[in-house]
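Structure at a glance
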Amino acid sequence: MELSSVILTTGSSVVFFRLINAGVSKLPMPESACRNAGKWRNISTSFVHSFITAIWAVLCFFLHPQMAEDLIETHSVFSHALVSFSIGYFIYDFFDMVANQTLSQSWELLFHHLVVITCFGLSVLSCRYVGFAVVALLVEINSVFLHLRQMLRMANIAEGTLYRVNSIINLGTYVVFRINTLAWMTRWLVLNRDKVPLLAYTLGSVGMAIMTVMNIVLFCRLLRSDFLKSSKTKKEKEM
């Protein structure tokens, strides 16, 4: 993709997700979520991005399997467009959080988005490491269930079969598509150190370190909230 195509795809993505956000505001909203309508719209829009990106990332490797053998140089227009599309989402989401949330509520995600926009931006502009970026986007498979969990909680459906099944799938995909994928990406970066320029290696290493800490913290929160806490409550009821 040429620079003009990258700008067009990224810009169109920003507009697309802004329209999704506006569209969600026209749909019926759970009464319990009305007091934080901005967050409900944000999470719903993020759910749409995760759903689209999860399918798109899998298709990238299915339609162009040779990309898995060379994550630096080999990629397709389809995968390049995916990374550009995701940059647009992260730009949209960054400004949406700035406008609707306090810094204390969103600083972690804002910092995360800046790191992703920088790394993905360098990838699409240089046309290198696109495959590596697509691997990173496989985490969106887990994000589908992570965002669904937030929506269920905001709708006061934090109990019952639907929430329990989603919690189990969420934790399972978290381990497979976040923790394992991140570990694999870190290992790949170390093994290919001699093929990666110092700047890219430094950015990648810092990004991986930040993501590792954030993922471990979030995993502990999910485990405590959805499993350890519920087990403790059940035991107290039995007593």
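Residues numbered from 1 in each chain as written. Predicted model: local features only at pLDDT ≥ 70, side-chain atom pairs only at ≥ 80, totals over all residues. Heavy atoms only, no water.

1. What about the nonpolar core?
- Within the largest apolar cluster, 41 residues are counted, with the highest numbers of intra-cluster contacts made by Phe61, Leu82, Val83, Phe120, Val134 and Trp188.
- Listing elements by their share of this core, those giving two or more residues are helix 1 (3-26), helix 2 (37-63), helix 3 (77-100), helix 4 (103-126), helix 5 (130-137), helix 6 (140-154), helix 7 (161-191) and helix 8 (198-238).
- Looking at which element gives the most residues to this core, the answer is helix 3, with 8 residues.
- Setting aside anything within four residues of it in sequence, one finds Val134 in contact with Ala57, Cys60, Phe61, Met67, Ser79, Leu82 and Val83. (Core = buried A, V, L, I, M, F, W, Y, C linked by side-chain atoms within 4.5 Å. Buried < 20%, exposed > 50% of the residue type's maximum accessible area, 1.4 Å probe, protein only. Helix = DSSP H or I, 4+ residues; strand = E, 2+ residues; numbered from the N terminus. Contact = heavy atoms within 4.5 Å.)

2. Observations regarding helix 1
- With 24 residues, helix 1 extends 35 Å between its outermost C-alpha atoms, agreeing within 8% with the 34 Å of an ideal straight helix rising 1.5 Å per residue.
- Tucked into the core, helix 1 has its buried residues touching helix 2, helix 3 and helix 4. (Expected span 1.5 Å × (residues − 1).)

3. Considerations on the environment of Val116
- Tracing the sequence through the fold places Val116 in helix 4.
- What makes Val116 buried here is its relative accessible area of 10%.
- Along the sequence, Val116 and Met151 sit 35 residues apart, while their C-alpha atoms lie 24 Å from each other.
- If we ignore the near neighbours within four places in the chain, the residues touching Val116 are Phe90, Gly121 and Met211.

4. Some thoughts on the pattern of salt bridges
- Across all of its chains, the model carries 4 salt bridges by this definition.
- When the shortest N-O distance is used, the salt bridge between Arg221 and Glu108 registers 4.0 Å. Here Glu108 lies in helix 4 and Arg221 lies in helix 8, a separation of 113 residues in the sequence.
- Judged by its relative accessible area of 41%, Arg221 is partly exposed. (Salt bridge = Lys/Arg side-chain N within 4 Å of Asp/Glu carboxyl O.)

5. A word on the UniProt feature "transmembrane region" (unreviewed entry) in the protein
- Those places that UniProt annotates as "transmembrane region" (unreviewed entry) correspond, in this numbering, to residues 45-65, 77-95, 168-186 and 198-223.
- From the first C-alpha to the last, residues 45-65 spans 30 Å; its make-up is 90% helix and 0% strand.
- Taken end to end, residues 168-186 comprises 100% helix and 0% strand; its first and last C-alpha atoms sit 26 Å apart. (UniProt positions renumbered as here; feature names shortened; annotations may be inferred.)

6. Notes on the confidence of the model for the protein
- The predicted model of the protein averages 89 in pLDDT, with 95% of residues at 70 or higher.
- Note that residues 235-239 has pLDDT below 50 and, in this model, 0 contacts with residues that lie over four places away or in other chains. (pLDDT = per-residue confidence, 0-100.)

7. A closer look at the packing of aromatic side chains
- Under the counting rule described, the total for this entry stands at 14 aromatic pairs.
- Note on Phe16 and Phe17: the rings are 5.0 Å apart at their centroids and 75° apart in plane angle, and the pair reads as edge-to-face.
- Classification of Phe16 by relative accessible area gives partly exposed; the value is 32%.
- Phe17 gets classed as buried once you look at its relative accessible area, which sits at 0%.
- Seen from their ring centres, Trp56 and Phe78 are 5.6 Å apart, and the 40° between their planes marks the pair as tilted. You can see Trp56 sitting in helix 2 and its partner Phe78 sitting in helix 3, a full 22 residues away along the chain.
- We classify Phe78 as partly exposed; its relative accessible area is 33%.
- Ring pairing ties together the aromatic residues Phe16, Phe17, Trp56, Phe78, Phe85, Tyr89, Phe90, Tyr92 and Phe120, which thus form one cluster.
- Over the ring of Phe227 we find Arg164, and its NZ or CZ is 5.4 Å from the ring centre.
- When the ring centre of Tyr201 is taken as reference, the NZ or CZ atom of Arg193 above it lies at 4.4 Å. (Phe/Tyr/Trp six-rings, centres within 6.5 Å; stacked < 30°, edge-to-face > 60°. Lys NZ or Arg CZ within 6 Å of the ring centre and 35° of its normal.)

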